[in-house]
Amino acid sequence: MVKVRRVRKGDLARVREVIESGFADYFERQLGSRPRQVFGGAQYVHHRWLMEPWGCFVAEENDTKIVGASIAIAWGKVGIFGPVAVLTPYQNQKIAQGLLKASQGFFDENKVTLQGVATFYGSPKHLLLYQKFGFKPKGLLAVTTRSLERREPTPPARPSRSAPEIRRLSSLKEAQKKAMLGRLRRITNRIYPGLDLSKEVEIVDSLALGDVLLLERERQVLGFAICHTPGASEAPHGALYVKVLAMDPTRRRPEYFAQLLGAAEEMAVGAGLQRIIAPVYTRYWRAYQALLTAGYQIDMLLVRMKRGKKEDYEREDDFVLDDWR
Ligand SMILES: CC(C)(COP(=O)(O)OP(=O)(O)OC[C@H]1O[C@@H](n2cnc3c(N)ncnc32)[C@H](O)[C@@H]1OP(=O)(O)O)[C@@H](O)C(=O)NCCC(=O)NCCS
């Protein structure tokens, strides 16, 4: 009686409700109290559906009642699954497995070579659910955060012709933005072959969910950061959220990473926000250590599960922050 189908525009409010209710119940069971706002104001449904409508599915009872939902996106050849949720009274009836199966079809259509999910490492149910589909538990994702309330202003950089500079994607003309996407793709392709974040960049730009910071030196892009600010994005109230930050592996330097992260902090302060959230996969050891040294604290830990080619592609010296939630 429960069928899985693709999400339609008219489903979006209900999909959000189902996902928030599933997670609120889960957190209530874990923590003993129900969060007032389950994701602190962060949103995952509307813009993700606009970005990747074919990756969004619902489980519907008797063609009338949506009881489960899942969202997936193909970042080029890397497929990210989640969030997924099933209403509590409908759990343990293989509904999530139906949604996962549909998403596998979507990943196959996109010829994804690596699939990933970030989940609760302490939950046997979550691990076993994904293991059924061939995902293996790997390293931890640390969601780190830093308060910006007493942040010292950054001293002005010494002017130098070759010093890297920050530009915002929003300041570029439309034709320049198109060309920029190609340059960003070349960077991500060096991190994992076929990794393409164009959709994430384009949605932030077209819906003004935040901005994309570009670190450039002599017209070469050294790295970029996709930043969400609160409103209709994945940033919770009061925080700037770094969805992805990637430095070109062929030009990586700790000071470039620090400069780009500092620019994201400045963007947050400029927008009147009190915190910055930077998620980091702990296998990017240098980036992870750099965050801790800079005073970032770990807010939450999740495990990354993966299936596919080159599952352990991350190099510990690459400066990459990427969130698979
Ligand atoms: C995680 C979630 C989506 C799973 O949905 P679901 O419809 O209950 O999952 P399914 O019934 O398809 O599959 C769950 C499997 O785990 C098994 N399972 C349940 N508890 C288990 C446990 N303690 N140990 C091992 N396996 C367990 C079930 O038996 C089932 O396998 P089976 O069908 O072979 O018996 C759902 O619990 C949920 O919405 N949770 C809250 C939100 C959330 O955590 N989302 C996922 C974040 S990554």
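Asker: Outline the site of the ligand, supporting the account with residue identities and numerical values.
Answerer: As a matter of local geometry, the ligand sits amid 20 residues, with Gly22, Gln91, Ala96, Gln97 and Lys125 nearest to it. Among the residues making up the shell around the ligand, the classes are represented as 10 nonpolar, eight polar and two charged.

Asker: Before we move on, can you summarise the nonpolar core with the specific residues and values?
Answerer: In terms of nonpolar packing, the biggest core is built from 92 residues, with Leu213, Ala225, Leu240, Val242 and Ala264 touching the most fellow members. No other element matches strand E10 (residues 239-247), which puts eight residues into this core. Setting aside chain neighbours within four positions, we find alanine 264 in contact with Leu213, Ala225, Cys227, Leu240, Val242 and Ile276.

Asker: Got a sec to walk through the pairing of strand E6 (residues 136-147)? Specific residues and values, please.
Answerer: Pairing of E6 with strand E12 (residues 297-308) involves eight bridges; the strand directions are antiparallel. Paired with lysine 136 across the bridge in E12 is lysine 306. Here seven bridges tie E6 to strand E11 (residues 275-281), and the two strands are oriented antiparallel to one another. Its bridge partner being in E11, threonine 145 is matched across the sheet by isoleucine 277.

Asker: Residue-level account of helix H8 (residues 285-293), with values.
Answerer: For H8, every residue scored as buried is listed here: Ala287, Tyr288 and Leu291. Seen from one end, H8 has its buried residues packed into an arc of 100°, which puts them on one side. Elements that come into contact with the buried residues of H8 comprise E6, helix H7 (254-270), E11 and strand E13 (320-322). Of the residues trailing H8, glycine 295 is marked for its positive phi of about 95°.

Asker: Give a detailed account of the pairing of E10, specifying residues and quantitative values.
Answerer: In summary, the side chains of a regular strand alternate between the two faces of the sheet. Burial analysis of E10 places nine of its nine residues in the buried class, the great majority of the element. With six bridges joining them, strand E9 (residues 220-228) and E10 adopt antiparallel strand pairing. Each residue of the ladder has a partner; that of isoleucine 226, found in E10, is valine 244. Sheet topology note: the E10/E11 ladder contains three bridges and is parallel. In the sheet register, tyrosine 241 faces E11, and the bridge partner there is isoleucine 277.

Asker: With reference to specific residues and values, describe the domain arrangement of the protein.
Answerer: When the domains of the protein are assigned, the result is domain 1 (2-112) and domain 2 (145-322). The interface is formed by 16 residues belonging to domain 1 together with 17 residues belonging to domain 2. When contributions to the side of domain 1 that touches domain 2 are tallied by element, the ones reaching two or more residues are helix H2 (46-51) and strand E3 (65-75). The biggest single contributor to the side of domain 1 that touches domain 2 is H2, with four residues. Split into classes, the residues belonging to the side of domain 1 that touches domain 2 amount to eight nonpolar, six polar and two charged.

Asker: Before we move on, could you go through unusual backbone geometry and cite the residues and values that matter?
Answerer: Glycine aside, a negative phi is what most residues show, and trans is what most peptide bonds show. Omega for the peptide link from glycine 82 to proline 83 comes to 0°, which places this bond in the cis form. Within the fold, proline 83 resides in strand E4 (residues 78-86). In this structure, asparagine 92 takes a positive phi of about 60° despite not being glycine. As for its position among the elements, asparagine 92 is in the loop between E4 and helix H3 (95-109). Classification of asparagine 92 as exposed rests on a count of 9 C-beta atoms within 10 Å.

Asker: So, the environment of asparagine 189: which residues are in play, and what are the values?
Answerer: Mapping asparagine 189 onto the fold places it in helix H5 (residues 174-191). Residue class for asparagine 189 comes out partly exposed when judged on the 14 C-beta atoms lying within 10 Å of it. Expressed as a C-alpha distance, the spacing of asparagine 189 and aspartate 248, which sit 59 residues apart in the sequence, is 9.5 Å. Other than its neighbours up to four places away in sequence, asparagine 189 contacts Gly194 and Leu195.

The rules behind these values
- Residues numbered from 1 in each chain as written.
- Predicted model: local features only at pLDDT ≥ 70, side-chain atom pairs only at ≥ 80, totals over all residues.
- Near = placed C-beta within 6 Å.
- Nonpolar A, V, L, I, M, F, W, Y, C, P; charged D, E, K, R; others polar.
- Core = buried A, V, L, I, M, F, W, Y, C linked by C-beta atoms within 7 Å.
- Buried ≥ 20, exposed ≤ 12 C-beta atoms within 10 Å, placed from the backbone.
- Helix = DSSP H or I, 4+ residues; strand = E, 2+ residues; numbered from the N terminus.
- Contact = placed C-beta atoms within 7 Å.
- Pairing = 2+ DSSP bridges.
- Arc of directions from axis to C-beta.
- Domains from an automatic or database assignment.

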